[in-house]
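Each chain, written out:
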Amino acid sequence: MFSFAPRRLIIGAVGGLASLATFSYYKSNLFPTCHARSQAVRRYPPSADFPDLKKHNNVMATHLTPGIYARLRDVTTPNGCTLDGCIQTGVDNPGHPFIKTVGAVAGDEESYEVFKALFDPIIDERHNGYKPWDKHPTDLDFTKIRGGNFDAKYVHSSRVRTGRSIRGLGLPPACSRAERREVERVVVDALGKLKGTFAGKYYPLSNMTDAEQEQLITDHFLFDKPVSPLLLASGMARDWPDARGIWHNSQKNFLVWINEEDHTRVISMEKGGNMKAVFERFCTGLLQVEKLIREKGWEFMWNEHLGYVLTCPSNLGTGLRCGVHVTITKLSKDPRFNDILEAMKLQKRGTGGVDTAATGGTYDISNADRLGKSEVQLVQEVIDGVELLIQMEKRLENRRSIDDLIPPKK
């Protein structure tokens, strides 16, 4: 069993009174409609309110039973979040017959504990048997990485990203406008104090010049209003583009997205195959941002069971996606390709990301796991796996067998 300090802030010597006042304001102004809705629902028994999930194929629908729903329907987190709010995206989006989405999000940090009767089995299925008593390791020591400088003939770009949530503020599916703006204020204030190679500029979506927008599009940095039904049903596009924005350093290799799917998305990337350097920059910049946020009395959502807490259960733990664009034209045509990736705990996407096709045999290859392994472990798995993929590709180019290189299924 793990516990949260609900809506707890670190009150430091600097800015302590302001933080305490902010906390008092949010505690009395969170989710004003949630409590009223909860009272209205109680006029009917839970059995009359249970969603029709007969044609659904998502993890939430697999584990939500009438009994769990009856126990939790009228329960709220201390901040007013409800079970119905957490599952609405899965109710509205049945899923694809061959693609099993999660079907649930958290409205705040406490949702994972208050609604654990549902979230625990969701986490167990999505994260390969991760149990309620398991503890998640965190390790951002980039000096432990071995290798990681890929052959540039095959690897064209390298990227590491994660998410971070600010403790004490509601998550994007359920936050108030004031909370969303406070996330922006807290994060932008910290980013503005970064120095050296991490010094940069913030571009709010609501106040961006045409020239800035064009440049961000050219750099492939700009994110737009969500169009995915999964995100829209979760409530993540409310009040768009209020308090959303993009920050990047002068070298354009360290980015932070604010108030997209999570409070923040932190990204380190560069052209070529030097994943070791990308991960070093990722760890160094991320730790600097966390230090600056803590100095103002805030902290990231984290606990020893779930690791870093994010909106979607699929991103719990590290929230980390370490990926490369790699050209493996011949290997990708091998009928064993998908099994090879699965054995190495890797996943593939098309050249343009999710739901896109691979162009010229170039795939986006990344780690499949998020929870139960540390950042160092996951990045090392990607490095070792991509090195093996390149080795296989070179053999196939020379018309040699790769049978002895095929990893065993785990």
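Summary of the structure given here. (Residues numbered from 1 in each chain as written. Predicted model: local features only at pLDDT ≥ 70, side-chain atom pairs only at ≥ 80, totals over all residues. Heavy atoms only, no water.)

**Quick notes on the environment of Asp 403**
Topologically, Asp 403 is positioned in the segment after helix 14 (375-397). Between the alpha carbons of Asp 403 and Met 392 there is a distance of 9.3 Å; along the sequence they are eleven residues apart. At a separation of 2.9 Å, a polar atom in the side chain of Asp 403 contacts the side chain of Arg 336. (Helix = DSSP H or I, 4+ residues; strand = E, 2+ residues; numbered from the N terminus. Polar contact = N/O pair within 3.5 Å; in protein donor to acceptor, adjacent residues only side chain to side chain.)

**Quick look at the pairing of strand 10 (residues 362-367)**
Within strand 10, six of the six residues are buried, which leaves the element mostly enclosed by the surrounding structure. Strand direction decides the pairing type here: strand 8 (residues 321-327) and strand 10, joined by five bridges, are antiparallel. Counted as the bridge partner of Val 324 is Ile 365 from strand 10. As judged from the four bridges shared by strand 9 (residues 346-349) and strand 10, these two strands associate in the antiparallel manner. The partner of Lys 348 across the bridge, within strand 10, is Ile 365. (Buried < 20%, exposed > 50% of the residue type's maximum accessible area, 1.4 Å probe, protein only. Pairing = 2+ DSSP bridges.)

**Structural notes on empty space enclosed by the protein**
Tallied over the entire structure, the rule returns one cavity of 30 Å³ or more. Computed from the structure, the largest cavity encloses a volume of approximately 40 Å³. Taken together, Arg 164, Val 187, Leu 191, Val 256, Thr 264, Val 266, Val 289 and Phe 300 make up the full set of residues lining the largest cavity. Counting only elements with at least two residues in the lining of the largest cavity, the list comes to helix 9 (177-191) and strand 5 (264-271). (1 Å grid on protein atoms, 1.4 Å probe; cavity = no way out; pocket = protein on both sides within 12 Å on 5 of 7 lines; lining within 4 Å. Points joined across faces, edges and corners; volume = space filled by probe spheres on them.)

**Examining helix 6 (residues 83-92)**
Within the sequence span of helix 6, burial applies to Leu 83, Cys 86, Ile 87, Thr 89 and Gly 90. Mapping the buried residues of helix 6 onto a view down its axis gives an arc of 145 degrees, with all of them on the same face. In this structure, the buried side of helix 6 is in contact with helix 4 (59-63), helix 5 (66-72), helix 7 (111-114), helix 8 (116-126) and helix 11 (229-234). (Arc of directions from axis to C-beta. Contact = heavy atoms within 4.5 Å.)

**Some words on the pattern of salt bridges**
For the coordinates displayed, the defined rule picks out 32 salt bridges. Between Asp 74 and Arg 73 there is a salt bridge, with its nearest N and O atoms 2.9 Å apart. A salt bridge links Glu 125 to Lys 100, with the shortest nitrogen-to-oxygen separation between them at 2.9 Å. Placement of Glu 125 in helix 8 and of Lys 100 in the loop between helix 6 and helix 7 is noted, with a sequence separation of 25 residues between them. Glu 125 gets classed as partly exposed once you look at its relative accessible area, which sits at 31%. It is possible to trace a salt-bridge network through shared partners that takes in Glu 109, Arg 167, Glu 290, Arg 294 and Glu 299. (Salt bridge = Lys/Arg side-chain N within 4 Å of Asp/Glu carboxyl O.)

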